[in-house]
Amino acid sequence: MSKKITLIPGDGIGPEVTEATKRIIDATNVQIEWDIVEAGTIALEKYDTPLPDEVIESIKKNKVALKGPITTPVGVGFRSVNVYLRQVLNLYANVRPIKSYKGVKSLFEDIDFIIVRENTEGLYAGIEHNVSDVAAESIKIITKKASERIAKFAFELAGREGKKKVTAVHKANILKLSDGLFLKCAKDVAKNYEDIEFEDVIVDAMSMKLVQNPKDYDVIVAPNLYGDILSDMSAGLIGGLGIAPGANIGDDIAVFESVHGSAPDIAGKNIANPTSTILSGIMMLKSIDEYEAANKIEKAMSEIFLQKDKLTKDLGGKLGTKEFTDEIIKILK
Ligand code: NAI
């Protein structure tokens, strides 16, 4: 029986990278029926809202979605659709595997850790106001419920993935109440997982340590803002945003998406690297127990990375998005 998956092409390069991923997944002959819905700028033009109800309903019904990046206007305009989706669907865990591949130029070899970022609160709670014409306030929310939930998620993930250590990242030396609560919750949860080592590191020190010794880490759990920054920085360790996948996961709904944004500077030019979305697609297939298809694509990606002439320009190759996708499909067939 085919499984229905919501597909949101998104903005900018989104339609190109999601189409590439859809073609690759379909080429494995896995039984998937795509429920394609529009969000972002395209939806705003057509339906006068960047996030039509139909999108939320489709994800709630299908439980799993593959999503292209969506543009967020800076300073003005509509609120981030990405942040709103995570909040309204309670996708409390943002999961970003940071894994290096042979053939992809990266600062280190054999990197393999996962960043788990709290996705619903912290400084991204979206509670902001102007105090006067010359001052504005943003409220950072940290709760026991969300902090314990994300810490538990990180330990469970570590257990499933055979990882030995969970590292909690915080700034509790300065933000004693908010980050102090996050850290206390992580420490309390850690007591239930005696087989998994636990440590905590202050976020500024963590930034340096990750750049110097990324192999020291297995699973990193962090509040929203720190997790966001460390995730992109870590993507830089393994070859950039173009190859880092991600997922936003709740108790029974998961939305898989690339780490990069809509890249308006290269949209529609057939030069975007679809790897990040393809790797997110692999995570999506595993989440619905389609391991055979997932492993096949993973193997094809490992093979293609070793053939420099068959890569996209950002990875030092010459191929366009479509031609790169064709080459992966050739390996799959
Ligand atoms: P970006 O990730 O879109 O682009 C940063 C740079 O990386 C650009 O030079 C771009 O050309 C390049 N790049 C990104 N993805 C690439 C790919 N697959 N292949 C080759 N090159 C690639 O970040 P930026 O410019 O900060 O954001 C653009 C828009 O995307 C903004 O409106 C932002 O809010 C939105 N965004 C959406 C996200 C989402 O939907 N999850 C995540 C991050 C940003």
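Residues numbered from 1 in each chain as written. Predicted model: local features only at pLDDT ≥ 70, side-chain atom pairs only at ≥ 80, totals over all residues. Heavy atoms only, no water.

Draft legend 1. Examining the domain arrangement of the chain more closely. Under the domain assignment, the chain is made up of domain 1 (1–91 + 253–333) and domain 2 (93–240). Spacing between the C-alpha centres of domain 1 and domain 2 amounts to 24 Å. Residue-level contacts link 15 residues of domain 1 with 16 residues of domain 2. Three residues, Arg86, Val259 and Phe305, lead the burial of domain 1 against domain 2; their summed loss comes to 34% of the area buried on that side. In this structure, the connection of domain 1 to domain 2 is made through 0 salt bridges. The tally of links between domain 1 and domain 2 comes to 3 residue pairs in polar contact (both at pLDDT 80 or more). Of all elements in the fold, only helix H4 (81–88), helix H9 (275–287) and helix H10 (291–305) reach the threshold of two or more residues within the side of domain 1 that touches domain 2. Of the residues that constitute the side of domain 1 that touches domain 2, the class distribution is 8 nonpolar, 3 polar and 4 charged. (Domains from an automatic or database assignment. Contact = heavy atoms within 4.5 Å. Buried area = accessible area lost by both parts, 1.4 Å probe. Salt bridge = Lys/Arg side-chain N within 4 Å of Asp/Glu carboxyl O. Polar contact = N/O pair within 3.5 Å; in protein donor to acceptor, adjacent residues only side chain to side chain. Helix = DSSP H or I, 4+ residues; strand = E, 2+ residues; numbered from the N terminus. Nonpolar A, V, L, I, M, F, W, Y, C, P; charged D, E, K, R; others polar.)

Draft legend 2. How the structure looks around the site of the ligand. Around the ligand sit 19 residues in total, of which Ile70, Thr72, Gly261, Ala263 and Asn273 are the nearest. Contacts to the ligand include isoleucine 70, whose backbone N or O atom sits 2.8 Å from an oxygen atom. Residue glycine 261 places a main-chain N or O atom 2.7 Å away from an oxygen atom belonging to the ligand. Burial of the ligand by the protein amounts to 67% of the accessible area it has alone, namely 810 Å². Of the residues contributing to the shell around the ligand, the split by class is 9 nonpolar, 7 polar and 3 charged. (Near = heavy atom within 4 Å. Areas by Shrake-Rupley, 256 points an atom, 1.4 Å probe, with all protein chains shown as cover.)

Draft legend 3. Local environment of empty space enclosed by the protein. Applying the stated rule across the entire model yields 1 cavity of 30 Å³ or more. Estimated volume of the largest cavity: approximately 40 Å³. Gly122, Leu123, Lys140, Ile142, Pro223, Asn224, Leu225 and Tyr226 together form the lining of the largest cavity. (1 Å grid on protein atoms, 1.4 Å probe; cavity = no way out; pocket = protein on both sides within 12 Å on 5 of 7 lines; lining within 4 Å. Points joined across faces, edges and corners; volume = space filled by probe spheres on them.)

Draft legend 4. Main features of the environment of lysine 61. Within the secondary structure layout, lysine 61 lies in helix H3 (residues 53–62). A residue is classified by how much of its surface remains accessible, and lysine 61, at 56% relative accessible area, is exposed. Here lysine 61 is in contact with Lys4 and Asp35, once residues within four sequence places are set aside. (Buried < 20%, exposed > 50% of the residue type's maximum accessible area, 1.4 Å probe, protein only.)

Draft legend 5. The nonpolar core, seen in detail. In terms of nonpolar packing, the biggest core is built from 80 residues, with Met284 and Leu285 touching the most fellow members. The residue makeup of this core includes at least three contributed by each of domain 1 (1–91 + 253–333) and domain 2 (93–240). Setting aside its immediate chain neighbours within four residues, methionine 284 contacts Ile5, Ile25, Ile32, Trp34, Val64 and Phe256. One finds Ala39, Val81, Leu85 and Ile253 within the second-largest nonpolar core, a separate group that totals 15 residues. (Core = buried A, V, L, I, M, F, W, Y, C linked by side-chain atoms within 4.5 Å.)

Draft legend 6. Fine view of the packing of aromatic side chains. Across all of its chains, the model carries 4 aromatic pairs by this definition. Centre to centre, the rings of tyrosine 92 and phenylalanine 153 are 6.2 Å apart; their planes meet at 85 degrees, and the pair counts as edge-to-face. Of this pair, tyrosine 92 sits in the loop between H4 and strand E4 (93–99) while phenylalanine 153 sits in helix H5 (residues 144–160); the two residues are 61 residues apart in sequence, bridging distant segments of the chain. For tyrosine 92, a relative accessible area of 6% gives the class buried. Taking the relative accessible area as the measure of exposure, phenylalanine 153 reaches 12% and is therefore buried. With centroids separated by 6.1 Å and ring planes inclined at 35 degrees, the aromatic side chains of phenylalanine 155 and phenylalanine 198 adopt a geometry described as tilted. You can see phenylalanine 155 sitting in helix H5 and its partner phenylalanine 198 sitting in strand E9 (residues 197–202), a full 43 residues away along the chain. Using a relative accessible area of 1% as the deciding quantity, one classes phenylalanine 155 as buried. You can call phenylalanine 198 partly exposed: its relative accessible area is 23%. Within the aromatic cluster, the residues linked to one another by ring pairs are Phe155, Tyr193 and Phe198. (Phe/Tyr/Trp six-rings, centres within 6.5 Å; stacked < 30°, edge-to-face > 60°.)

Draft legend 7. Structural context of unusual backbone geometry. Despite not being glycine, asparagine 90 has its phi angle at roughly 55 degrees, a positive value. Using a relative accessible area of 33% as the deciding quantity, one classes asparagine 90 as partly exposed. The phi torsion at aspartate 289 lies on the positive side, around 65 degrees, for a residue other than glycine. Relative to the elements of secondary structure, aspartate 289 occurs in the loop between H9 and H10. For aspartate 289, a relative accessible area of 60% translates into the label exposed.

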